[in-house]
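# Structural overview for review
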Amino acid sequence: MNITNIRKRIVLTGGPGGGKTTALDLIRREFCGKIASVPEAATMIFSGGINRSMDPEVLKAQQTAIFNLQKHLEDIQRAAHPDCLILCDRGSLDGLAYWPESEQHFFETMNTSLELELARYDAVIFFETAAMSGASIKSNNPVRNESEQAAVDLDNKLKKVWSQHPNFNLVGRSESFIRKVMFGIMTIENVIGTYRE
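Everything numeric here is computed off the predicted structure, so don't read it as measured data.

Thresholds, definitions, all that
Residues numbered from 1 in each chain as written. Predicted model: local features only at pLDDT ≥ 70, side-chain atom pairs only at ≥ 80, totals over all residues. Heavy atoms only, no water. pLDDT = per-residue confidence, 0-100. Helix = DSSP H or I, 4+ residues; strand = E, 2+ residues; numbered from the N terminus. Contact = heavy atoms within 4.5 Å. Expected span 1.5 Å × (residues − 1). Buried < 20%, exposed > 50% of the residue type's maximum accessible area, 1.4 Å probe, protein only. Polar contact = N/O pair within 3.5 Å; in protein donor to acceptor, adjacent residues only side chain to side chain. Pairing = 2+ DSSP bridges.

## Notes on the confidence of the model for the protein
Here the protein averages 84 in pLDDT, and 83% of its residues register 70 or above. Within the protein, helix 7 (residues 177-194) has the poorest average pLDDT of any element, 78, and helix 4 (residues 103-110) the best, 97. Taken as a whole, residues 1-5 scores under 50 in pLDDT and shows 12 contacts with residues more than four places along the chain or in a different chain.

Quick look at the structure:
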């Protein structure tokens, strides 16, 4: 499959414990040299010495930094890999699930809109958290320390936001991990086929 000149962007998101980050690594290997991945901005910040906080003012400052870093990382990968499909570990709208005030306040703070942020991405692949079915979501990522209930709450908030995208693809919690990865690969192939330039 030749995907030269496919200058598109896909976000892989979902609640904590959905297998998203591991799936992204496998998908990247499947499309070796044809996809440029964008790492999760929040993990970069929280693993770099910034502590997570529930204080509203600190939380807003953190989410503003994550939002801006996410977009800059995407721009870096686009500039560095102009002919690759960009696959993002979370997207610019994920911060809405953590924002302590209204959606309107989020968009005013970030000087953007829901429509503008959705339009950044050609497709959304949403990995539903395993916590939805009561499974453990413990991971090797030390900055991901949400409880199962917090993961469910975040999953629901994220789903409400991202499901407004016209090319929203839900990978349910009941799917096996291999099927989740295959669904992600097929969705990417469909995006490439639909938007081939």
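## Re helix 3 (residues 56-80)
The end-to-end C-alpha separation of helix 3 is 36 Å, in line with the 36 Å expected for 25 residues at 1.5 Å each. Listed as buried for helix 3 are Leu 59, Lys 60, Gln 62, Gln 63, Ile 66, Phe 67, Gln 70, Lys 71, Leu 73, Glu 74, Gln 77 and Arg 78. Here the buried face of helix 3 lies against strand 1 (9-13), strand 2 (35-38), helix 2 (41-46), strand 3 (85-89), helix 4 and helix 5 (114-118). Regarding helix 3, its N-cap is Asp 55, as a side-chain oxygen of that residue lies 3.1 Å from the backbone nitrogen of Glu 57 further along.

## A word on the pairing of strand 4 (residues 123-127)
Burial of strand 4 is extensive: 5 of the 5 residues sit out of reach of the surface. Burial along strand 4 is two-sided: the face carrying Ala 123, Ile 125 and Phe 127 and the face carrying Val 124 and Phe 126 are both buried. The pairing of strand 1 with strand 4 spans 4 bridges and is parallel. When the bridges of strand 4 are listed, Leu 12 appears paired with Ile 125. The sheet contact formed by strand 4 and strand 5 (residues 168-171) spans 4 bridges and is parallel. Across the sheet, residue Val 124 finds its bridge partner in strand 5, namely Phe 168.

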